[in-house]
Amino acid sequence: MSTMNEKRVLILWHGALYPSYRKPFWLLQTRWGWDVHLITAKRWTQCMPRKTTLQPAEAEPIHVHTPAAVAAWHGALYCCPTFPFLFNRIKPDLVFAIEEPFSIMGWLATYWCARHVPPIPSILYSYQNIAKPYPQPFRGMETFVLENSCRILVSETGVGRVLERKGYEGMWDVLGLGVDLDRFKYRAPRKQIDFFTLGYVGRLANEKGIQTLLWALMDLPDYVRLHLAGDGPARHRLETMARELGVYHRVAFRGAIAHDDLPAFYHEIDALVLPSVTTPGWKEQFGRVLIEAMACGRPVIGSDSGAIPEVLGEEGLIFPEKNVEELAKKIAFLYDDFHLQQTLSLRGRVRVEQQYSAERCAQKLNDHFIEVLSSACRD
């Protein structure tokens, strides 16, 4: 184990596939002096029609481990069988797992920390904002994690309430995702003469509510256009629906866009819309595209599903999910008022800088890590 002056943290996150996602971990090492080891997936397929592969970065300042894994397509089943070997080789002072309490990797990290002599402090991060009952063995794994984690960080307040309903008595705290502001640069809105372009980024799936957006497009002038960046199981149905509604000529199905090209996409559009719809098994857990678009200076309209209102605060426009008329009104309200576009653009960027920057995320992580280690030392 390292000395306190050489604080070593082992981070587990199967989704750390892009350099911008890893930026908070880089800052933990370069700015706050942590020796950071990250275990992540080589590739991932969950919720996407094709594999997403780990993108390396030049002069990556942290140690990135990509061990062989099974079920690299499902958050709960994903597992690195060699994790115990890596754990013993790295000898961390602290483990931080961005894996759900009911997942195999969330349980494995917590179990391995708890069985160590002396125990290693462990922190988890959870997105699950619906109180789902899980079958065994996942229910037992979740109970073990809730009883043995030092604290749990959550993507939004609703996740913390779910943990409390499940009997968690420890500390939880909201930690927003971190945006790399060096990549997602601010650009002021442009007053459009010919077209007002709406954008959507993400999976083309029923729960993302894109059908609501297509219906709203019918009630809007012909110069309001829509660019859909993403792919997924609902694409064919959405294309068919756009044709039947007579708006297909106003919709561009752009397909999946490389992560490095997202800032350029945000700069092309005039506003981002995230019309997510709550289902019995899912509601919006954060919506990273919201803060990416705001970082790029784009006004954002979101439904009231899950975390969206909390993420946007007063710096975005909210409509009741599935409410086509209200969504159309919000869009019309926005394109008719260029001053409002400018105001939301500036306020959105400030909100991201203050709450969702990679720097802010790293700072909060550092504070939690220090508190947990200090408490462990006192115990």
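Residues numbered from 1 in each chain as written. Predicted model: local features only at pLDDT ≥ 70, side-chain atom pairs only at ≥ 80, totals over all residues. Heavy atoms only, no water.

Draft legend 1. Region of the structure containing the packing of aromatic side chains. For the coordinates displayed, the defined rule picks out 18 aromatic pairs. For the ring pair Phe102 and Tyr134, a centre distance of 4.2 Å and an interplane angle of 25° mean the geometry is stacked. One end of the pair, Phe102, is in the loop between strand E6 (94–97) and helix H3 (104–115); the other, Tyr134, is in the loop between strand E7 (122–126) and helix H4 (138–148), with 32 residues separating them in the sequence. With a relative accessible area of 10%, Phe102 lands in the buried category. On the numbers, 6.3 Å between centres and 50° between planes, the contact of Phe184 with Tyr266 is tilted. With a gap of 82 residues between them, Phe184 in the loop between strand E9 (171–174) and strand E10 (196–201) and Tyr266 in helix H8 (residues 262–268) connect regions that are remote in the sequence. Using a relative accessible area of 0% as the deciding quantity, one classes Tyr266 as buried. Here a set of aromatic residues connected by ring pairs shows up, and it is made of Trp13, Tyr18, Tyr21 and Phe25. Here the guanidinium or amino end of Arg115 rests over the ring plane of Trp112, the centre of that ring lying 4.4 Å away. (Phe/Tyr/Trp six-rings, centres within 6.5 Å; stacked < 30°, edge-to-face > 60°. Helix = DSSP H or I, 4+ residues; strand = E, 2+ residues; numbered from the N terminus. Buried < 20%, exposed > 50% of the residue type's maximum accessible area, 1.4 Å probe, protein only. Lys NZ or Arg CZ within 6 Å of the ring centre and 35° of its normal.)

Draft legend 2. Summary view of helix H6 (residues 210–218). Most of H6 is tucked away, with seven of its nine residues classed as buried. Residues of H6 that are buried: Ile210, Gln211, Thr212, Leu213, Leu214, Ala216 and Leu217.

Draft legend 3. Just the packing of helix H9 (residues 288–295) against helix H12 (residues 338–356), in detail. At a minimum axis separation of 7 Å, H9 and H12 run at an interaxial angle of 120°. Regarding the angle of H9 to H12, the classification is oblique. The two elements H9 and H12 meet at a crossing, and its hand is left-handed. Here Ile291, Met294 and Ala295 of H9 lie close against H12, whose contacting residues are Ser345, Gly348, Arg349, Val352 and Tyr356. (Axes fitted to C-alpha atoms, helices over the stretch in contact; angles between N-to-C directions. Parallel < 35°, antiparallel > 145°, perpendicular 65-115°, else oblique. Left-handed = near helix turned anticlockwise from the far one by under 90°. Contact = heavy atoms within 4.5 Å.)

Just distances and angles here, no functional claims.
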